[in-house]
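# Understanding the architecture of this molecule
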Amino acid sequence: MRFSRAYIPTTKESPKDALLPSHIYLSRAGFVAQVASGLYNFLPLGKRVLRKIENIINEEMAACGALEVDLSFVTPAELWQESGRIEKFGKELLRFRDRKDNLFVLGPTHEEMMVSIVRNRVTSYKQLPLNVYQVKTKFRDEARPRFGLMRAREFVMKDGYSFHASTEDLDREFDVMEAAYKQILERLGLTFRIVEADSGAIGGTGSKELMVLAQSGEDTLAVCDTCEYGANVEAARRAPRTIIPEAPQADFMRFKTPNVKSIDDLSAFFHVDPYYTLKAVVMRAVYTEGSEPVCFFIRGCDELQEVKARNSVGAIDLVDISEAELSEIGLVPGFIGPLDQDKIRFVMDNDTRNATSMICGANEADYHFVGVNLSVMNEAVFADLAAVAEGDGCPHCGGKFLHTKGIEVGHIFKLGTTYSAPLKAEFLDENGRSQPFIMGTYGMGVSRLVAAVIEQHHDEKGCIWTHATAPYMVNVMVSNIKEEAHLAYAESLYTELQSRGIETILDDRKERFGFKMSDAELIGFPFTVIVGKEMENGLVQIMIRKTCEIITVNADDVETKLEELIG
RNA sequence: CGGGGCGUAGCUCAGUAUGGUUAGAGUACUUGGUUUGGGACCAAGGGGCCGGAGGUUCGAGUCCUCUCGCCCCGACCA
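Residues numbered from 1 in each chain as written. Chains lettered and ligands numbered in written order. Predicted model: local features only at pLDDT ≥ 70, side-chain atom pairs only at ≥ 80, totals over all residues. Heavy atoms only, no water.

## Points about the overall build of chain A
Applied cut-off: Each helix is a run of DSSP H or I of at least 4 residues and each strand a run of E of at least 2, with the numbering of both proceeding from the N terminus. Burial here depends on accessible area, computed with a 1.4 Å probe over protein chains only, as a share of the maximum for the residue type. Under 20% is buried, over 50% is exposed, and the range in between is partly exposed. In what follows, a contact means two residues having at least one pair of non-hydrogen atoms within 4.5 Å. Charged-residue counts in this description rest on Lys and Arg as positive and Asp and Glu as negative, His and the chain ends being excluded. Positions of charges follow a simple convention, taking NZ of Lys, CZ of Arg, CG of Asp or CD of Glu.
If you tally the helices and strands in chain A, you get 13 helices and 31 strands. With respect to the three principal axes, the spread of C-alpha positions in chain A is 95 × 65 × 45 Å. Burial analysis of chain A (567 residues in total) assigns 52% to the buried set. Excluding contacts between residues fewer than 6 apart, the proportion of contacts in chain A whose partners are at least 24 apart in sequence is 68%. Side-chain charges in chain A split into 63 positive and 84 negative, and the spacing between the mean points of these groups amounts to 4 Å.

Following this line, the structure appears as structure tokens:
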């Protein structure tokens, strides 16, 4: 491609609403342009990057026998009614009616459609397993799109679905997909972590997220500093504590603690580590029908992890509750405890089971119990409620957890029969018995990956594309096109590189050196060959974008040198 | 959906508290000239429904009401 004939609208200034590096540079360098909230046009360079990622995905999917399909973007609403998701998805589903007044939705994901294409067609266990996928535009009418391509309403996603006759076979395929996803991200040149994730209301036994590590990531991960284990904090587990503070000595008794309400106050008042205090967090749990206040008890040194708390009571949401509401129930804020507690449903953190020497609220203003042995609560409901903190121990190796930020670019999980059962997608097993398909689902955010590459690979000058994602590998830049000999050399180099299968762009614009260099750095081609002053000595230079290092090479050896650099 | 902010040239923004000639700058664009290794310089140009509708006023980019759009924080995001 000749730069002079390309459409690459670069700008010196960022769009006023761009905050993230990926958003700023992808806009400034002319890869994408915003159309409306959460909607983006892909310009020629952006489209090339998108296609490269798609190609890698397609190659890796083909390598493990997955079959590419392409399902209708517009899907009949009936399918969504059948699965029960039309309500659940709510306003994120963009609905509309056709001329005959039939209701349709724009596909935000394709479980229903995918089940419907195999339903009644795959009818025997002999046809299983089956793994089908597509790379497709999706639409989710997000309440708040943001961060450019990172959270758009219209986006490109690879979504795959596998169908099995047994859970063992699903487990096998799940591992195959995990390996394939890992391979894709490695080929793209990304640093990432595969972490355990919350499987949410969908349930299932396995749920893993692929996280590209970047400061701007929206998810917080707890990663082990020693082994491979990592988890989204929503799902992270930790090893039992090894360092236990010295226990306070006290017999069980009711103790007057005037106006001592917070954990800080309490531990100061008794001069004990917060580990020996019991924190009560009351929230209103919202269910599909109705809601109720629920109290969660955790150690004072811990924080409540809301997703875990929500899962522990099967709620769809937890919302804050006011002190007035607490008083109405008969609870005294600051003095709530589990002993003789019958005013509210409560759940206790696993780490409080059989805890001794505890201090907890006495359910009466200005009184706490001390010397509490929580083994008396063994009949209560226990669950993992506490948020994993930095420094907590890894459950696998005894290493320490660190927190880091990640961009979720993929999510794979085992669906089981969540969709096949309600949609009555069944096959006959060896015994002639009708069974719903056992399913797995594998998603990857393709357009989000474009942004993720830049979040992880940029500097103050612009984009730094990895070799696998670069729109062009080499930029042949003529610093002054009026120098006919320089231009002629560049033209021949441009032709030669292309014949060697290297994607090349020729910057033949009538612009000055500095202008073209800035563009080259902003756009982020891995290598820019500078054809200019050094030509008089039979030399050219290669600017390596990643380091901004400029090396001088003989004009006759540049192709070989580039091939060496590309590797 | 709750809270906040912003809509003026392709882009980034002044101008709006206190209404008053023909609405500005930088950048980008066109033409001519000079330049040519880090976003050059000189000169001459084109480009605006001041987001939209209604109102107040002799007069509205500026004041009032309504509306649409975009952004930020939160909620939400199987």
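## Brief notes about the packing of helix H1 (residues 21-28) against helix H10 (residues 446-456)
Where we set the bar: Structural elements are reduced to axes, namely lines fitted to C-alpha atoms, with helices fitted over the stretch in contact, and the angle between N-to-C directions of any two is expressed from 0 to 180 degrees. For this classification, under 35 degrees means roughly parallel, over 145 means roughly antiparallel, 65 to 115 means roughly perpendicular, and everything else is oblique. Under the scheme applied, nonpolar residues are Ala, Val, Leu, Ile, Met, Phe, Trp, Tyr, Cys and Pro; charged residues are Asp, Glu, Lys and Arg; polar residues are all the others, including Gly.
Where H1 contacts H10, the axes come no closer than 8 Å and their chain directions differ by 105 degrees. In terms of orientation, H1 lies roughly perpendicular with respect to H10. Each of Pro21, Ser22, His23 and Leu26 in H1 lies in contact with H10, whose residues at this interface are Val450, Ala451, Ile454 and Glu455. Among the residues forming the contact of H1 with H10, the class breakdown is 5 nonpolar, 2 polar and 1 charged.

## Considerations on the protein's contact with RNA strand B
Here is the rule: We call a residue near a molecule or strand whenever a single non-hydrogen atom of that residue lies within 4 Å of it. Polar contact is the term for a pair of N or O atoms within 3.5 Å; when the atoms are in protein, one must be able to donate a hydrogen and the other to accept it, and sequence-neighboring residues count only if both atoms are side-chain atoms.
Neighbouring RNA strand B are 41 residues; Arg144, Arg151, Phe515, Glu521 and Lys533 lie closest to it. For RNA strand B, the backbone makes up 48% of the atoms found within 4 Å of the protein, where backbone means sugar plus phosphate. Side-chain polar atom of Glu111 to a base nitrogen of RNA strand B: 3.4 Å apart, as the coordinates give it. The side chain of Glu521 places a nitrogen or oxygen atom 2.4 Å from a base nitrogen of RNA strand B. Those elements that provide at least two residues to the surface near RNA strand B are strand S1 (32-36) and helix H12 (513-523).

## A few points about the pattern of salt bridges
Put simply, the test is: Salt bridge, as used here: a side-chain nitrogen of Lys or Arg that lies within 4 Å of a carboxyl oxygen of Asp or Glu.
Scanning the model with the defined rule gives 36 salt bridges in all. The partner of Glu82 in a salt bridge is Arg119, and the shortest N-O contact between them spans 2.7 Å. Separated by 37 residues along the polypeptide, Glu82 in helix H3 (residues 77-83) and Arg119 in the loop between helix H5 (111-118) and strand S7 (130-139) bring together distant segments of the chain. Exposure remark for Glu82: the relative accessible area of 40% places this residue in the partly exposed category. Taking the shortest distance from any N to any O, the salt bridge between Asp392 and Arg238 comes out at 2.9 Å. One end of the pair, Asp392, is in the loop between strand S20 (381-383) and strand S21 (401-416); the other, Arg238, is in the loop between strand S12 (230-232) and strand S13 (253-256), with 154 residues separating them in the sequence.

## Here we look at the sheet that holds S20
Note the threshold: Pairing between two strands is assigned when DSSP locates at least 2 bridges connecting them.
The strand order across the open sheet formed by 5 strands is S16-S14-S15-S17-S20, and the pairing between neighbours is mixed. Only two strands of the sheet have a single partner each, and these edge strands are strand S16 (317-319) and S20. Sheet twist, expressed as the mean angle between neighbouring strand axes with direction ignored, is 40 degrees. The pairing of strand S15 (residues 291-299) with strand S17 (residues 345-349) spans 4 bridges and is parallel. By the bridge assignment, Cys295 is partnered in S17 with Phe346.

## Looking at the nonpolar core
As a reminder, the rule being used: By nonpolar core we mean a set of buried residues, namely Ala, Val, Leu, Ile, Met, Phe, Trp, Tyr and Cys, connected to one another through side-chain atoms within 4.5 Å.
Residues Phe31, Met61, Leu185 and Trp465 are the most contacted members of the largest nonpolar core, which totals 60 residues. With 8 residues, helix H6 (residues 167-188) is the largest single contributor of residues to this core. Each residue touching Trp465, except ones within four places of it in the same chain, is listed here: Leu26, Phe31, Val49, Val450, Val453, Ile454, Ala470, Pro471, Ile523, Gly524 and Pro526. Membership of the second largest hydrophobic core comes to 27 residues, among which are Val118, Phe413, Tyr419 and Leu423.

## Let's talk about helix H8 (residues 306-313)
Turning to H8, its buried residues number three or more, namely Val307, Lys308, Ala309 and Val313. Buried residues in H8 make contact with strand S14 (278-286), S15, S16 and S17. The N-capping residue of H8, defined by a side-chain oxygen 2.8 Å from the backbone nitrogen of Val307, is Gln305. Just downstream of H8, Gly314 is the residue with a positive phi angle, here 65 degrees.

## Here's the deal with the sheet that holds strand S5 (residues 95-97)
By definition, the strands of a sheet pair up through backbone hydrogen bonds, in either a parallel or an antiparallel sense. If you walk across this open sheet you meet the 3 strands as S4-S6-S5, and the pairing is antiparallel. Pairing within the sheet leaves two strands with one partner each, and these edge strands are strand S4 (74-76) and S5. Neighbour-to-neighbour, the strand axes of the sheet open up by a mean angle of 40 degrees, direction not taken into account. Two strands pair when backbone bridges link them, and S5 and strand S6 (residues 103-106) are joined in this way by 3 bridges, in the antiparallel orientation. Its bridge partner lying in S6, Arg97 is registered against Leu103.

## Here we look at a nonpolar patch on the surface
In plain terms, the rule: Exposure above 30% relative accessible area and the lack of any salt bridge qualify a residue for a patch; like charges then connect within 9 Å, and the nonpolar side chains Val, Leu, Ile, Met, Phe, Trp and Tyr within 5 Å. Areas reported here follow the Shrake-Rupley algorithm with a probe of radius 1.4 Å; residue values treat only the protein chains shown as occluding.
There is a patch of nonpolar side chains on the surface, built from Met253, Phe255 and Phe269 and spanning about 250 Å² of accessible area. Taking the relative accessible area as the measure of exposure, Phe269 reaches 35% and is therefore partly exposed.

## Notes on the side chain of Asp302
When you line up the elements, Asp302 lands in the loop between S15 and H8. In this structure Asp302 comes out as buried when scored by relative accessible area, which is 4%. Separated by 3.0 Å, the side chains of Asp302 and Arg241 make a polar contact. Among residues more than four places away in sequence, those in contact with Asp302 are Arg238, Arg241, Lys279, Asp349, Asp351 and Ala386.

## Some points on the packing of aromatic side chains
As a reminder of what qualifies: Side-chain rings of Phe, Tyr and Trp, where Trp is taken by its six-membered ring, are said to pair if the distance between their centres is within 6.5 Å; with planes under 30 degrees apart they count as stacked, over 60 as edge-to-face, and otherwise as tilted. Criterion for a charge above a ring: Arg CZ or Lys NZ at most 6 Å from the ring centre, at most 35 degrees from the ring normal.
Counted according to the given criterion, the structure contains 13 aromatic pairs. Geometrically, the ring pair formed by Tyr275 and Tyr276 is edge-to-face, given 4.9 Å between the ring centres and 85 degrees between the ring planes. For the pair formed by Tyr275 and Tyr276, the shared burial category is buried. Relative to Phe437, the ring of Phe427 has its centre 5.5 Å away and its plane inclined at 20 degrees; by these criteria the two rings are stacked. Of the two residues, Phe427 sits in strand S22 (residues 426-428) while Phe437 sits in the loop between strand S23 (434-436) and strand S24 (438-445), which places them 10 residues apart along the sequence. Here Phe427 matches Phe437 in class, with each residue buried. Among the aromatic side chains, those forming a connected cluster through ring pairs are Phe163, Phe427 and Phe437. For Arg48, the ring lying beneath its charged end belongs to Tyr472, and the centroid distance is 4.0 Å.

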